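# Overview (structure and organization)
Chain by chain, the residues:
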Amino acid sequence: MNKDAIVYFVGAGPGDPELITLKGKRLLEAADLVVYAGSLVPKAVLSHAQKAEIYDSAGLTLEEILALLVPAAKAGKMVVRLATGDPSIYGTIGEHSERLRAEGIRCEIVPGVSSFTAAAAALGRELTVPDVAQTVILSRCEGRTPVPDLEKLPLLAAHQTTLVLFLSITLVKKMQRDLLTSYAPETPCAVVYRATWPDEKIVHCALSDLSVAVKKSKITKTALVIVGKALASEGKRSKLYDPTFSHSFRSGKRLE
Ligand code: SAH
């Protein structure tokens, strides 16, 4: 077996094929085997992998995926596991890498642009706004996949900061109920469907209208729900560019 056996976990970005890193593209160009995560990886990104055997993991179990990755990596082939967005967010890295390590195969992760940053860009918004929200919570609603007790949505909502919900669009009724336990009914929400794809769709609404707005939009998958006052804040100033604020790259000046 090749003692340098390695599998690269590469973030493919949110959809726009230009949003893969240069490193990710270079690894795809050199790849002999690529296993990619279903419909969320754009075909144009796969086209970088000109000389690779390519498999869609959507219909495969972890065992079947490993049956592709392990022998190829052991044979010294260049193997890429291509994830949507950034591999560190709901990217199943842990369960892959643990088993690969048990086979003596190293994993290297190449980050990607996550759908939540792409969605913020599509909205033209910053998710952190001075005095309004200095924390971003990334989470999901509990459905068939359980969520730890301390992360139940009403507990997260209590912070009333910017909240981004993945994998939860079909649970929007319960989501709205749980969020209303803390957020005001007029809190701005945005639903971003397929951020950066040609058919991207954005729905703006108040929290009190969230489930009705989602139903009307007919969005049932591949969407993020973003909630919080940061979505509507204007004119807040950070300390960073405040002329009276000193930091290591600039001394503060007293304004007359
Ligand atoms: N690792 C990915 C997330 C994978 S989980 C990332 O960093 O984005 C899959 C979920 O991500 C989807 O159900 C949806 O909630 C969200 N998602 C992925 N791509 C998206 C996109 N282009 N636009 C909106 N949501 C997206």
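Keep in mind that what you see is a predicted model, and the values were worked out from it rather than measured. (Residues numbered from 1 in each chain as written. Predicted model: local features only at pLDDT ≥ 70, side-chain atom pairs only at ≥ 80, totals over all residues. Heavy atoms only, no water.)

We now examine helix H3 (residues 62–74). Residues spaced three or four apart along an α-helix face the same direction, because each turn holds 3.6 residues. The first and last C-alpha atoms of H3 sit 18 Å apart over 13 residues, in line with the 18 Å expected at 1.5 Å per residue. Taken together, the buried positions of H3 are Leu62, Ile65, Leu66, Leu69, Val70, Ala72 and Ala73. Taken together, the buried residues of H3 touch strand S1 (6–11), strand S2 (33–36), strand S4 (79–83) and helix H4 (93–102). Looking at the residues trailing H3, positive phi occurs at Gly76, about 85°. (Helix = DSSP H or I, 4+ residues; strand = E, 2+ residues; numbered from the N terminus. Expected span 1.5 Å × (residues − 1). Buried < 20%, exposed > 50% of the residue type's maximum accessible area, 1.4 Å probe, protein only. Contact = heavy atoms within 4.5 Å.)

Buried residues dominate strand S7 (residues 162–166), accounting for five of its five residues. The side-chain alternation of S7 yields two buried faces, one formed by Thr162, Val164 and Phe166 and the other by Leu163 and Leu165. Across five bridges, the pairing between strand S6 (residues 136–140) and S7 is parallel. Bridging from a neighbouring strand, Val136 pairs with Thr162 of S7. In this sheet, strand S10 (residues 223–227) lies alongside S7 in antiparallel orientation, the contact comprising three bridges. If you follow Leu163 over to S10, its bridge partner there is Val227. (Pairing = 2+ DSSP bridges.)

A separate point is helix H1 (residues 22–30). Turning to H1, its buried residues number three or more, namely Gly24, Leu27 and Leu28. Within H1, the buried residues cover an arc of 100° as seen down the axis, which keeps them to one side. The inward-facing, buried residues of H1 contact S1, S2, helix H2 (43–46), S4 and strand S5 (106–110). (Arc of directions from axis to C-beta.)

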